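# Chains, contacts and geometry: an overview
What follows is the residue order along each chain.
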Amino acid sequence: MEYLAKKLRYTEFGISHAEVPGESCLCIYISGCPNKCPDCYYPLLQSPSEGELLRTYYEDILDLYSHLATCVCFLGEGDLSAESRNEMIGYVEKAHDKGFSCCLYSGRDIEIKSWMKCFEYVKTGSYRKALGGLEKSSTNQRLFKKMGNQYIDITKSFSE
């Protein structure tokens, strides 16, 4: 698929077993986050010009990690524009073509949007230090897993 906007940037990527229960995730950190959370875990991602264009290396990254990862986890949505959403959907389709499941860490206090339904997993909720991350029962963040046509909250699986 030809990606439409070609503007999403990433700052780094790597393997994690902590982002999605039961998955080995290839995490791709997307820059341009507009959320400006006060206790942001990764403030560098707030800059829209930080990092490399994802389209330049995306397929190479997928190929490089195809034997280590089962899920591509996008940490961030970019600038929230329709162009960025369409580009992200293209990356998800490419990952699906290669046999990966996909996860989006949105970092926003929102319901799952219709464009996000291409992801098997969606994490919502801004980071609030006082409430903690997904492993804390007090967290405002939620991780949802797509089951059929609906998303089920699986946040409790982090504290079990």
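Let me sum up the structure you'll find in this document. Just so we're clear, the structure is a prediction, and the values are computed from it rather than from any experiment.

### Considering helix α1 (residues 54–65)
The end-to-end C-alpha separation of α1 is 15 Å, in line with the 16 Å expected for twelve residues at 1.5 Å each. Taken as a whole, α1 has its buried residues at Leu54, Tyr58, Ile61, Leu62 and Tyr65. Projected down its long axis, α1 carries its buried residues within an arc of 95 degrees, all on one side. Exposed side of α1, more than 90 degrees from the buried face: Asp60 and Leu64 are the residues found there.

### Some words on the pattern of salt bridges
For the structure shown, the criterion picks out seven salt bridges. With a shortest N-O distance of 2.8 Å, Asp79 and Lys7 are connected by a salt bridge. Remark: Lys7 occurs in the segment before β1 (9–16) and Asp79 occurs in the loop between β4 (71–75) and α2 (82–97); sequence separation between them is 72 residues. Note on Lys7: relative accessible area 32%, which makes it partly exposed. Here Glu77 makes a salt bridge to Arg108, at a shortest N to O gap of 2.9 Å. Of this pair, Glu77 sits in the loop between β4 and α2 while Arg108 sits in the loop between β5 (101–105) and β6 (121–124), and the two are 31 residues apart along the sequence. One network of salt bridges, in which partners are shared, links Lys7, Asp79 and Glu83.

### What to know about the sheet that holds β1
The mixed open sheet is built from eight strands, whose spatial order is β3-β1-β2-β4-β5-β6-β7-β8. If you trace the sheet from one side to the other, it starts and ends with β3 (52–53) and β8 (150–153), each paired once. Summarising the sheet, β1 and strand β2 (residues 25–30) pair through six bridges and their orientation is antiparallel. Bridge assignment links Ser16 to a residue of β2, and that residue is Cys25.

### Focus: the pairing of strand β7 (residues 142–147)
Summarising the sheet, β6 and β7 pair through four bridges and their orientation is antiparallel. Residue Tyr121 lies in a different strand from β7, and its bridge partner there is Lys145. Pairing analysis gives four bridges linking β7 to β8, with the strands arranged antiparallel. When the bridges of β8 are listed, Met147 appears paired with Gln150. What sits between the antiparallel neighbours β7 and β8 is a turn of two residues, in which Gly148 has the positive phi angle 65 degrees.

Parameters and conventions
Residues numbered from 1 in each chain as written. Predicted model: local features only at pLDDT ≥ 70, side-chain atom pairs only at ≥ 80, totals over all residues. Heavy atoms only, no water. Helix = DSSP H or I, 4+ residues; strand = E, 2+ residues; numbered from the N terminus. Expected span 1.5 Å × (residues − 1). Buried < 20%, exposed > 50% of the residue type's maximum accessible area, 1.4 Å probe, protein only. Arc of directions from axis to C-beta. Salt bridge = Lys/Arg side-chain N within 4 Å of Asp/Glu carboxyl O. Pairing = 2+ DSSP bridges.

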